[in-house]
Amino acid sequence: MNIVIGADHGGFALKEEIKEIFSKQGYVFTDLGNTVYDANDDYPDFAGAVAAAICEGRAEKGIIVCGSGVGACIAANKFKGVRACVCHDTYSARQGVLHDAMNVLCLGGRIIGIEPAKEIVSGYLQAQFSDELRHARRLAKVLAFEK
Ligand code: RB5
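Being a predicted model, the structure only gives us computed values, none of them experimental.

**Section: the packing of aromatic side chains**
Working step 1: Tallied over the entire structure, the rule returns two aromatic pairs.
Working step 2: Both rings, one in Phe-12 and one in Tyr-37, keep their centres 6.2 Å apart while their planes meet at 70°; by these two values the pair is edge-to-face. With Phe-12 in helix 1 (residues 12-24) and Tyr-37 in the loop between strand 2 (29-31) and helix 2 (43-55), the pair connects residues that are 25 residues apart, well separated along the chain.
Working step 3: Classification of Tyr-37 as exposed rests on a relative accessible area of 51%.
Working step 4: Positioned above the aromatic ring of Tyr-124, the side-chain terminus of Lys-61 is 5.0 Å from the ring centre.

In structure tokens:
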């Protein structure tokens, strides 16, 4: 699975921790920046890079970390085919993929620490969209809004 990840200064530290921990578990991340801590960088630059990768089919799942997760989520959802959500609990992170085909997880580096983030990211990465008819029907209705 191709996974893209990005963060601004508000999420940089958490992004680095997530990459380190999950790389050891065999996940491979393409880091779309920021690759250095820069207190003056802007979250849309990295949210846009992650969202474009999903939109263009270069990755299946994305993770964006900013201070709250909110700005990243707003920016990412401007891209066609991107279904980004802020999830700071494990239930939403898993169900968001199973039921709603969420393909970008947004986290707030100023909101949660690495221990809950580990469980959230783990649930998100392991989950797959359910093939149950009702979820496919609902996703089709959501996708129709993009047209
Ligand atoms: C940056 O200071 C902060 O505004 C940003 O990381 C994010 O929280 C926006 O939603």
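**So, the packing of helix 1 against helix 5 (residues 114-126)**
Working step 1: Between helix 1 and helix 5, the least distance of the axes is 11 Å, while the angle of their chain directions is 60°. When the interaxial angle is binned, helix 1 and helix 5 end up oblique. Judged by the sense of rotation from one axis to the other, the crossing of helix 1 with helix 5 is right-handed. Contact residues: helix 1 offers Leu-14, Glu-17, Ile-18, Ile-21 and Phe-22, while helix 5 offers Ile-114, Ala-117, Lys-118, Val-121, Ser-122 and Leu-125.
Working step 2: Grouping the amino acids of the contact of helix 1 with helix 5 by side-chain chemistry returns eight nonpolar, one polar and two charged.

**A short note on the packing of helix 4 (residues 90-100) against helix 5**
Working step 1: In contact at an axis separation of 8 Å, helix 4 and helix 5 are set at 15° when each is read in the N-to-C sense. Taken as axis vectors, helix 4 and helix 5 run roughly parallel relative to one another. In this structure, helix 4 meets helix 5 at a crossing whose hand is right-handed. For the pair formed by helix 4 and helix 5, the contact residues are Thr-90, Ala-93, Arg-94 and Val-97 on the first element and Glu-119, Ile-120, Gly-123 and Tyr-124 on the second.
Working step 2: Split by residue class, the contact of helix 4 with helix 5 holds four nonpolar, two polar and two charged.

What counts and how
- Residues numbered from 1 in each chain as written.
- Predicted model: local features only at pLDDT ≥ 70, side-chain atom pairs only at ≥ 80, totals over all residues.
- Heavy atoms only, no water.
- Phe/Tyr/Trp six-rings, centres within 6.5 Å; stacked < 30°, edge-to-face > 60°.
- Helix = DSSP H or I, 4+ residues; strand = E, 2+ residues; numbered from the N terminus.
- Buried < 20%, exposed > 50% of the residue type's maximum accessible area, 1.4 Å probe, protein only.
- Lys NZ or Arg CZ within 6 Å of the ring centre and 35° of its normal.
- Axes fitted to C-alpha atoms, helices over the stretch in contact; angles between N-to-C directions.
- Parallel < 35°, antiparallel > 145°, perpendicular 65-115°, else oblique.
- Left-handed = near helix turned anticlockwise from the far one by under 90°.
- Contact = heavy atoms within 4.5 Å.
- Nonpolar A, V, L, I, M, F, W, Y, C, P; charged D, E, K, R; others polar.

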